[in-house]
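Read off the chains here:
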Amino acid sequence: MDVSLLLDDLNPAQREAVMAPAGHQLILAGAGSGKTRVLVHRIAWMIQVEQRSPYSIMAVTFTNKAAKEMRHRLDELFQQTGQPISIHTIWVGTFHGLAHRLLKAHWQDANLPQNFQILDSDDQLRLIKRVYQALQIDEDKWPPKQAQWFINEQKDEGRRAKHIQETTDPFIRTMRKIYQTYEDDCQRGGMIDFAEILLRAHELWLNKPHLLEHYRNRFNFILVDEFQDTNSVQYAWLRVLAGKSSFVTAVGDDDQSIYGWRGAKIENIRKFSEDFSPCQIIRLEQNYRSTGNILHAANSVIANNLGRLGKELWTDGEKGEPISLYAAYNEQDEARFIVERIQSWISQGKRRSESAILYRSNAQSRALEEALLREAIPYRIYGGQRFYDRLEIKNAVAYLRLLNNPHDDAAFERVINTPTRGIGDKTLEDIRVVARSENISLWAAAGQLILRKHFAARASNAIETFMQMILQLQKDLCAPNEADELPALDFIAETVLDKTGLLAFHQNEKGEKGQARGENLQELIAACRAFETEDDAPILQQFLDTAALDAGDAQAEEFEDAVQLMTLHSAKGLEFPLVFLAGVEEGLFPHKMSIDDPDGIEEERRLCYVGITRAMQKLFITYAETRRLHGTESFNRVSRFVKEIPTDCIDEVRLKTAITRPVTYQQPSSKFTLKDEGEDTGFKLGQKVSHAIFGEGVILQFEGKGPNSVVEVKFAKIGKKRLVMQYAKLQAI
DNA sequence: CCAGGACACGTTTTT
DNA sequence: CGTGTCCTGG
């Protein structure tokens, strides 16, 4: 076997990682260091050089996109090496995808019905609201969203309702009760939410030693991408699976851990080498993406974080242009500046799609969009609603789910009256009550109530018509005569959309909505046509599982060459020659919600690091001195992160063009300085102060200038307070 | 059932 | 300020 294909074009560190001997490895892969490449080559190396069985390898990712990419690149590499190996023998997938696969295979051991259904967060919330009704809990006092958040957080930590300690805290008590009931309802209905998939898979290991034994023997090599994003359950699941005999290769970057707020534990990557000992640590620090200046800036910013595993990106390429910093007067000025720079980029013959505008929060996109629109520059916003999250698609999928299993309560509830067929709240509520008290599905309860002649003729007829329709479709599409071939998936979808009236219903919605929704439904049919079966399970079931686990990209790839707009979070993993970081202001980035928590600030700083390292050639950082957000104007200071960038790789932009500014506006001093003090106040951000009435506190933010400026202080006793500097009479302490 | 108005809410998002 | 949701009156 010619090894050179697997090792050529790799740098020494990459090579070391690819050829690492059997054992645990922690590969700290900096941004743009060729991480996926290493992962893919390592797998190929193990199979083709070390002669490991593809069957003994598991590769885990976080997103479907990453899994798809890895499969694709593996395939490509195997083709090149002339030893095609069916990549289906290797388990490549997301944590959720693989866990789901296990639960499907061992549904009985996992205490699930064979046709268990996955709940998306929408379904989950609806179900929680039903729990509220059943338990007579006040939605205003404890918002259902909060309960949803609570439940998911518990599950991410591997805790079930029964594990939550008894307490007198009314919040915890209520949440525990909701969680418990929700758990019971899910179990009864054979439904599992996203977090449950992982939790069940973990419990499957713990409860069924023979299964664990089997998989431990099988998967001797487990590779995990984006390890810094693992949550507690995922980590536990891996640890149990690996046991004492399997080897884990963890690839990740602690400096790019930006999902702590949704349960990711940065500690997991920090303690990996202790928990999986002995462990070889390999650092991939050579960067192939960005210029020297950009890397220097990124390194300097992230150096301010504590407890890092340590890593410094370098390049043997050019220093490149300095980073440009622009202090905009307000968000419109900021947008205008960015658009001008993009126009000049395009005028150099570059592509619009090579440029990206990154921001901390979605609300910022408006001003940018307006400016782009004004100049008629095509743009594309990432991260809108995903395909399978759209209302019309969810409705269509709910019908398919109902065909697959009429006892699917979430689906039943979604479409029983969509399109409207005269089944109102009262009727539905009666069905719910019976379903709950008799412990049966909504479908079964509806049938019972009709038998018992519970409803008036009108309601009864409406329900019966609906149920007949579903049964008929089921008969025609899912269980045709043996002689007949099973209909194709797209035919099933098309027929269902037609016969249920859903397509007509959505098409007739007024305005452009109807058109768009109609098109989306057509796209769903197209997706069904293109759907490929993976095993011999019923195709409808397979499709539904895929739809539940893969939200589908936000939109079909646009062909148009467009400027890319997205949040910093969704930019992770991407790269662009020209990058703008917009709104780099205290309070927005770092966001004010994170500002008084050291861990929060560190995560924001990592986000900044992610942002900077997206840029290949040229990076602009912009901030607005005045920003209108949620109707109120705020005066923000440049982000602390900007001050962490060494001045020798940054250039402040001075505009030749005059900007209309109020006459009172103070021109910034000609020398570029970044001040830590509030203007004329003699106080600093973060400084401890005391107030005659409110006691001690910490300065969070200055707004405005001069004696009428406002200072925001977080007081130990009463929380945040905004005070006018002139009257506050703050004392430094 | 739908339109229109009151009202709440406002960080980041995947599965 | 702008949006999404909920409620009520027609």
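Residues numbered from 1 in each chain as written. Chains lettered and ligands numbered in written order. Predicted model: local features only at pLDDT ≥ 70, side-chain atom pairs only at ≥ 80, totals over all residues. Heavy atoms only, no water.

Colleague: So what's going on with the nonpolar core? Which residues, and what values?
Modeller: In this structure, Phe412 and Phe466 are the most contacted members of the largest nonpolar core, which totals 51 residues. Considering every element that reaches this core, the biggest residue donor is helix α20 (residues 457-478), with nine residues. Every residue in contact with Phe466, bar those within four places of it in the chain, is listed here: Tyr399, Leu402, Phe412, Val415, Ile416, Arg421 and Trp443. Among the nonpolar cores identified, the runner-up in size contains 41 residues, and Leu198, Val224, Val233 and Phe272 belong to it. (Core = buried A, V, L, I, M, F, W, Y, C linked by side-chain atoms within 4.5 Å. Buried < 20%, exposed > 50% of the residue type's maximum accessible area, 1.4 Å probe, protein only. Helix = DSSP H or I, 4+ residues; strand = E, 2+ residues; numbered from the N terminus. Contact = heavy atoms within 4.5 Å.)

Colleague: Describe the environment of Ile612, with residues and values.
Modeller: Inspection of the secondary structure assignment puts Ile612 in helix α26 (residues 598-612). Between the alpha carbons of Ile612 and Gly631 there is a distance of 30 Å; along the sequence they are 19 residues apart. Dropping the residues within four chain positions of it, Ile612 is found in contact with Ile294, Ala297, Ala298, Val301, Leu581, Leu619 and Ile645.

Colleague: Run through the protein's contact with DNA strand B, naming residues and quoting values.
Modeller: Looking at DNA strand B, there are 23 residues lining it, with Asn64, Arg360, Asn362, Thr567 and His630 nearest. Taken together, the sugar and phosphate atoms account for 55% of what DNA strand B places within 4 Å of the protein. Within the side chain of Asn362, a nitrogen or oxygen atom sits 2.6 Å from a phosphate oxygen of DNA strand B. Within the side chain of His630, an N or O atom sits 2.8 Å from a base nitrogen of DNA strand B. Among the residues making up the surface near DNA strand B, the classes are represented as six nonpolar, 13 polar and four charged. (Near = heavy atom within 4 Å. Polar contact = N/O pair within 3.5 Å; in protein donor to acceptor, adjacent residues only side chain to side chain. Nonpolar A, V, L, I, M, F, W, Y, C, P; charged D, E, K, R; others polar.)

Colleague: Account for the protein's contact with DNA strand C, naming residues and giving values.
Modeller: All residues in the neighbourhood of DNA strand C are listed as Lys129, Arg366, Arg628, His630 and Gly631. Here DNA strand C approaches the protein such that, of its atoms within 4 Å, sugar and phosphate make up 60%. At 2.6 Å, a side-chain N or O of Arg366 approaches a sugar or linking oxygen of DNA strand C. One of the backbone nitrogen or oxygen atoms of Gly631 is found 3.5 Å away from a sugar or linking oxygen of DNA strand C.

Colleague: Please set out the sheet that holds strand β1 (residues 24-29) residue by residue, giving values where relevant.
Modeller: Note on sheets: strands pair through backbone hydrogen bonds, and any given pair is parallel or antiparallel. Ordered by their spatial adjacency, six strands build an open sheet running β3-β2-β6-β7-β1-β8, and the pairing between neighbours is parallel. Pairing within the sheet leaves two strands with one partner each, and these edge strands are β3 (91-94) and β8 (279-284). Taking each pair of neighbouring strands and ignoring which way they run, the sheet shows an average axis angle of 15°. Bridge count between strand β2 (residues 57-61) and β3: four bridges; the pairing is parallel. In the strand pairing of β3, Met58 is matched with Trp91. In the packing of helix α4 (residues 64-80) onto the sheet, contacts are made with β2 and β3, and the angle to β3 comes to roughly 155°. (Pairing = 2+ DSSP bridges. Axes fitted to C-alpha atoms, helices over the stretch in contact; angles between N-to-C directions.)

Colleague: Give a description of the environment of Glu318 that names residues and reports values.
Modeller: As for its placement among the helices and strands, Glu318 is situated in the loop between α13 (292-302) and β9 (323-330). With relative accessibility at 67%, the residue Glu318 sits in the exposed group. Between the C-alpha atoms of Glu318 and Asn293, which are 25 residues apart in sequence, the distance is 8.4 Å.

Colleague: Can you explain the side chain of Glu392? Please cite residues and give values.
Modeller: Within the secondary structure, Glu392 sits in helix α16 (residues 391-404). Of note is the side chain of Glu392, whose polar atom sits 2.7 Å from the side chain of Asn520. With sequence-adjacent residues up to four places away left out, Glu392 is seen in contact with Leu502, His506, Arg517, Asn520 and Leu521.

Colleague: Can you explain the state of the cysteines? Please cite residues and give values.
Modeller: Applying the stated criterion across every chain yields a total of zero disulfides. Here Cys528 stays free of any disulfide, with the sulfur of Cys478 as its closest cysteine sulfur at 12 Å. (Disulfide = S-S within 2.5 Å.)

Colleague: Quick rundown of the side chain of Glu586? Include the residues and the values.
Modeller: For Glu586, the location among the structural elements is in the loop between β13 (576-582) and α26. The class for Glu586 is buried, based on a relative accessible area of 4%. Within the structure, Glu586 has its side chain in polar contact with the side chain of Arg640 (distance 2.7 Å).

Colleague: Tell me about the packing of α16 against helix α24 (residues 539-549), and please be specific about residues and values.
Modeller: With their axes 10 Å apart at the nearest point, α16 and α24 run at an angle of 140° to one another. Comparing their axes, α24 and α16 come out oblique. When the axes of α16 and α24 are compared, the crossing they make is left-handed. Residues Val397, Leu400, Arg401, Leu403 and Asn404 of α16 form the contact with α24, whose participating residues are Leu540, Gln541, Phe543 and Leu544. Counted by class, the contact of α16 with α24 contains six nonpolar, two polar and one charged residues. (Parallel < 35°, antiparallel > 145°, perpendicular 65-115°, else oblique. Left-handed = near helix turned anticlockwise from the far one by under 90°.)

Colleague: Any chance you could break down the packing of helix α5 (residues 95-105) against helix α9 (residues 194-207) for me, citing the residues and the numbers?
Modeller: Remark: α5 packs on α9, axes separated minimally by 9 Å, with the N-to-C direction vectors making an angle of 55°. It follows that α5 is oblique to α9 by the angle criterion. Crossing of α5 against α9: the hand is left-handed. Residues Phe95, His96, Ala99, His100, Leu102 and Leu103 of α5 form the contact with α9, whose own contacting residues are Phe194, Ile197, Leu198, Arg200, Ala201, Leu204 and Trp205. Within the contact of α5 with α9, the residues separate by chemical class into 10 nonpolar, two polar and one charged.

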